[in-house]
Amino acid sequence: MDEERPYWNMEIEPILNTPEMREIQLNGLKVFLRRLYDNAPFYTRKFDELGVVPEKIKSLEEFSSSVPLFDKEGLRAMVMEFGGDILKVLDQIMPVGVDDLNIMATTTGTTGIPTPYPMSWHDMEDVWGESIVRGMWRAGVRKHDRILFCFALSMVIAGIPTMMGGRRLGAMAIPVGAEAGTDRIMLMQTLFRGTVYCGTPSLADYLVEKCKEQGRDPKDLGLRTLFCGGEPGAGIPEVRERLESAFGARIFDAGAGFGVSCDHEEYQGMHWTGEDLAFLELVDPDTKEPVPFEDGAEGEAVISVFAGDGMSWLRTSMGDIQQVFTEPCPCGQTGFRYKVVGRTDDMLKVKGVIIYPNMVEGVVGGFVPKVTGQFRIVLTEKPPRVVPPLKIKIERADDFPPDGLPELEGEMKAAFKAKAKLTPEIIWLEAGELERSTYKGQTFEKLYEE
Ligand SMILES: [Zn+2]
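Calculation rules
- Residues numbered from 1 in each chain as written.
- Predicted model: local features only at pLDDT ≥ 70, side-chain atom pairs only at ≥ 80, totals over all residues.
- Heavy atoms only, no water.
- Phe/Tyr/Trp six-rings, centres within 6.5 Å; stacked < 30°, edge-to-face > 60°.
- Helix = DSSP H or I, 4+ residues; strand = E, 2+ residues; numbered from the N terminus.
- Buried < 20%, exposed > 50% of the residue type's maximum accessible area, 1.4 Å probe, protein only.
- Lys NZ or Arg CZ within 6 Å of the ring centre and 35° of its normal.
- Core = buried A, V, L, I, M, F, W, Y, C linked by side-chain atoms within 4.5 Å.
- Domains from an automatic or database assignment.
- Contact = heavy atoms within 4.5 Å.
- Axes fitted to C-alpha atoms, helices over the stretch in contact; angles between N-to-C directions.
- Parallel < 35°, antiparallel > 145°, perpendicular 65-115°, else oblique.
- Nonpolar A, V, L, I, M, F, W, Y, C, P; charged D, E, K, R; others polar.
- Buried area = accessible area lost by both parts, 1.4 Å probe.
- Salt bridge = Lys/Arg side-chain N within 4 Å of Asp/Glu carboxyl O.
- Polar contact = N/O pair within 3.5 Å; in protein donor to acceptor, adjacent residues only side chain to side chain.
- Donors = N, O, S within 2.8 Å, 3.2 Å for Na, K, Ca; no water.
- Tetrahedral: all angles 85-135°; square planar, octahedral: opposite > 155°, others 65-115°.
- Pairing = 2+ DSSP bridges.

## Considerations on the packing of aromatic side chains
Turning to step 1, where the next piece is worked out: Considering all chains together, one arrives at 13 aromatic pairs under this definition.
Turning to step 2, where the next piece is worked out: Aromatic pair tryptophan 272 and tyrosine 338: ring centres 5.3 Å apart, planes at 65°, arrangement edge-to-face. Taken as a pair, tryptophan 272 in strand β9 (residues 270–272) and tyrosine 338 in strand β14 (residues 337–343) lie far apart in primary sequence, 66 residues in all. Each member of the pair, tryptophan 272 as well as tyrosine 338, is classed as buried.
Turning to step 3, where the next piece is worked out: Taken together, the ring pairs connect Trp128, Phe258, Trp272, Phe293, Phe336 and Tyr338 into an aromatic cluster.
Turning to step 4, where the next piece is worked out: The aromatic ring of tryptophan 137 is capped on one face by arginine 5, whose charged end is 4.1 Å from the ring centroid.
Turning to step 5, where the next piece is worked out: Over the face of the ring belonging to tryptophan 137 we find arginine 142, whose NZ or CZ atom lies 3.5 Å from the ring centre.

## Thoughts on the nonpolar core
Turning to step 1, where the next piece is worked out: Among the nonpolar cores identified, the biggest contains 71 residues, and Tyr197, Phe227, Phe247 and Phe258 are the most heavily contacted of them.
Turning to step 2, where the next piece is worked out: Top element by residues in this core is helix α6 (residues 121–138). It accounts for six residues.
Turning to step 3, where the next piece is worked out: Residue-level mapping places this core at the junction of two domains, with at least three residues from each of domain 1 (13–123 + 271–345) and domain 2 (140–253).
Turning to step 4, where the next piece is worked out: Those residues in contact with phenylalanine 227, other than ones at most four positions away along the chain, are Gly135, Met136, Ala139, Phe151, Val196, Tyr197, Cys198, Gly199, Phe252, Ala254 and Val260.

## Overview of the packing of helix α2 (residues 41–50) against helix α5 (residues 86–93)
Turning to step 1, where the next piece is worked out: Remark: α2 packs on α5, axes separated minimally by 4 Å, with the N-to-C direction vectors making an angle of 50°. The pairing of α2 with α5 is recorded here as oblique in orientation. Taking contact as the criterion, the partners of Pro41, Phe42, Tyr43 and Arg45 in α2 are, on α5, Asp91, Gln92 and Ile93.
Turning to step 2, where the next piece is worked out: Among the residues making up the contact of α2 with α5, the classes are represented as four nonpolar, one polar and two charged.

## Focus: the domain arrangement of the protein
Turning to step 1, where the next piece is worked out: What the domain assignment lists for the protein is domain 1 (13–123 + 271–345), domain 2 (140–253) and domain 3 (347–449).
Turning to step 2, where the next piece is worked out: Put simply, the middle of domain 2 and the middle of domain 3, counted by C-alpha atoms, are 26 Å apart.
Turning to step 3, where the next piece is worked out: Taken together, the contact between domain 2 and domain 3 spans 18 residues of the former and 14 residues of the latter.
Turning to step 4, where the next piece is worked out: Here domain 2 packs against domain 3, burying approximately 1,400 Å² in sum over the two surfaces, 56% of which is carbon and sulfur.
Turning to step 5, where the next piece is worked out: Where domain 2 packs against domain 3, one counts two salt bridges.
Turning to step 6, where the next piece is worked out: The partner of glutamate 209 in a salt bridge is arginine 436, with the nearest N and O atoms 3.1 Å apart.
Turning to step 7, where the next piece is worked out: Counting the contacts that link domain 2 with domain 3 gives one residue pair in polar contact (both at pLDDT 80 or more).
Turning to step 8, where the next piece is worked out: Taken together, the elements giving at least two residues each to the side of domain 2 that touches domain 3 come down to α9 (201–213) and α10 (237–247).
Turning to step 9, where the next piece is worked out: For the side of domain 2 that touches domain 3, the element with the highest residue contribution is α9, accounting for four residues.

## A closer look at the environment of arginine 5
Turning to step 1, where the next piece is worked out: Among the secondary structure elements, arginine 5 is positioned in the segment before α1 (19–39).
Turning to step 2, where the next piece is worked out: Looking at arginine 5, the relative accessible area reads 10%, which means it is buried.
Turning to step 3, where the next piece is worked out: Between the alpha carbons of arginine 5 and leucine 422 there is a distance of 46 Å; along the sequence they are 417 residues apart.
Turning to step 4, where the next piece is worked out: Sequence-distant contacts of arginine 5, defined by excluding residues within four places in its chain, comprise Met10, Trp137 and Arg142.
Turning to step 5, where the next piece is worked out: Polar side-chain contacts of arginine 5 include one of 3.0 Å to the backbone oxygen of aspartate 2.

## Description of the pattern of salt bridges
Turning to step 1, where the next piece is worked out: Taken as a whole and assessed by the stated rule, the structure comprises 28 salt bridges.
Turning to step 2, where the next piece is worked out: With its nearest N and O atoms 4.0 Å apart, the salt bridge here joins aspartate 85 to lysine 88.
Turning to step 3, where the next piece is worked out: Judged by its relative accessible area of 28%, aspartate 85 is partly exposed.
Turning to step 4, where the next piece is worked out: Across the salt bridge formed by lysine 419 and glutamate 238, the nearest N and O atoms sit 3.6 Å from each other. One end of the pair, lysine 419, is in helix α12 (residues 405–420); the other, glutamate 238, is in helix α10, with 181 residues separating them in the sequence.
Turning to step 5, where the next piece is worked out: Residue lysine 419 is classed as partly exposed on the basis of its relative accessible area, which comes to 49%.
Turning to step 6, where the next piece is worked out: Sharing partners across several salt bridges, the network here consists of Glu125, Glu130, Arg134, Arg167, Arg168 and Asp276.

## Remarks on the coordination of the zinc ion
Turning to step 1, where the next piece is worked out: At 2.1 to 2.3 Å from the zinc ion lie its protein donor atoms, namely Cys262 (SG), His271 (NE2), Cys329 (SG) and Cys331 (SG).
Turning to step 2, where the next piece is worked out: Metal-centred angles of 103 to 121° between the four donor atoms at the zinc ion mark the site as tetrahedral.
Turning to step 3, where the next piece is worked out: All donor residues of the zinc ion come from one chain, and their arrangement in sequence is C-x8-H-x57-C-x1-C.
Turning to step 4, where the next piece is worked out: A relative accessible area of 27% places cysteine 331 in the partly exposed class.

## Structural notes on the sheet that holds strand β11 (residues 290–291)
Turning to step 1, where the next piece is worked out: Spatially, seven strands are ordered β8-β9-β14-β13-β12-β10-β11 in an open sheet, and the strand pairing comes out antiparallel. The sheet is open, and its two borders are formed by β8 (259–261) and β11, each paired with just one other strand.
Turning to step 2, where the next piece is worked out: Relative to β14, β9 runs antiparallel, the two being bridged by two bridges. For methionine 270, the partnering residue across the bridge sits in β14 and is tyrosine 338.

Shown next, in the form of C-alpha cells:
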C-alpha cells in the first residue's frame, strides 16, 4: 500500500463533507432505522407510536425532526424498568442480539453507572477501528511506528478497543496502559523506544514532570507524535504548545466523535473522518431542538452511529457542546471540523456568564512555566450556578519566587477578565500539592459532596 497517500481510505475520505456524502448518510440512516425497527423492540414500539417509517424519510433534516433523542436519562429509566439488567436493556435497543457481541467497553463513568459501549468484531474493525486508522493515518502513523499505548486498558473504549481497532495500520503496539503507572511507562518506553504516544494529555504532562524528577529531557524519550484523547487538552492551544515543545513532538487531538485534528500550525479543531459511519448533528442544549449545521454553529453534539451493530447509538447526546466548521480547512484535508467547547456536565454559570473548565485550563496553561499548569475549580454548591467569585486553586512552579505571586495573580486575573469577563479568586498552592492522575485530569474539587 502507498504509504504516501493522504488518507487511509481513499474511497471515502476524499468525498467527506460533500452532497454525495450526505446522500450516503441519508441512505445509511434509513437502513439503520429499518434494522432497529425490525430487531430492537424498544424502537419497534417507539417508531409505531410516533409514526416513523424509515423508508419515508426524505432528508437529514426530516430525520432530525422526526426521530426522538435517546439520552442518558432514557437509558437509566430503561435500566430501572428491567430491574438493573443492562444486557436485557441492550437487547431492546440494539439491531443485533447480546450473543452477537464480542467485547464490552464502557464510558469512564465518573458519575453513576458507566454507559455501556457494546461491540461486535464488525464494530471494532469497520466502525470504531476504521475511524481510528483514518485518524492515525492522518497523524502520520505508519507500519514502521511503535505505539506506546497509555490509555487505560480496563473497560474504556479508548483502551483495548482503540488499540485493537488500530491494528490494520500494522504498527507495533506497546500496551503498557495508564494503570501500570508512570514508572512502568517510562521503563517500557526506555526499553522499546515507542515513536508514538497514545494517551491522555494529562498523562503526557505527568510524564514530563517524571522526566524532570529523573533529570531526563522528555525529548530524549524519542516520541515523534502524541496522539491524544480522552479529555480536551490537546485542543487547547496553551497545552498543545507546552507538550509539543517538551517532547519535541507533534500533537494530534482525537475523540469526542469520529475525528482527529490536523497538522496545521494553529489548532483548527478535529476533522470528522467518519461521515459514512456516523451522523453528527447539533441541538440546542436547553430545548433539544435541531440547530442548523452551518459554519460556526454551536450546540450539544448528538450522534447516530448508523453503521454499527452494538455500537448503534441513535440520536444520542455525547454530552459535549461542540462548534462546527463546514468551510474548507487551511490544511487542505477533507472533513468538516468540530471543536469541543465544553462538557454539558461541566458547565458553570457565574453571574450569567457561561464558563467551561477548558477555558480555565487555557488561561492557567498560558502561564506555564511560572505555574505548573495544574488547577482545581472549587465548587461549594452543585453546579451550574456559582456564586461569585469562582475559586480556583493554582500551583506555583517550584522555582517561582513566592514574593512574585501578587504580580502574577494580577496578570492572571487580567487574562481571565479578557478571555471570559471573569474575576476569580485565586488560591495559591505549592508545586505538587494537587494529586496527579494517570488517567483523566481532575478539574473540580466538589466541596458540596463532602
Ligand atoms: Zn485541517
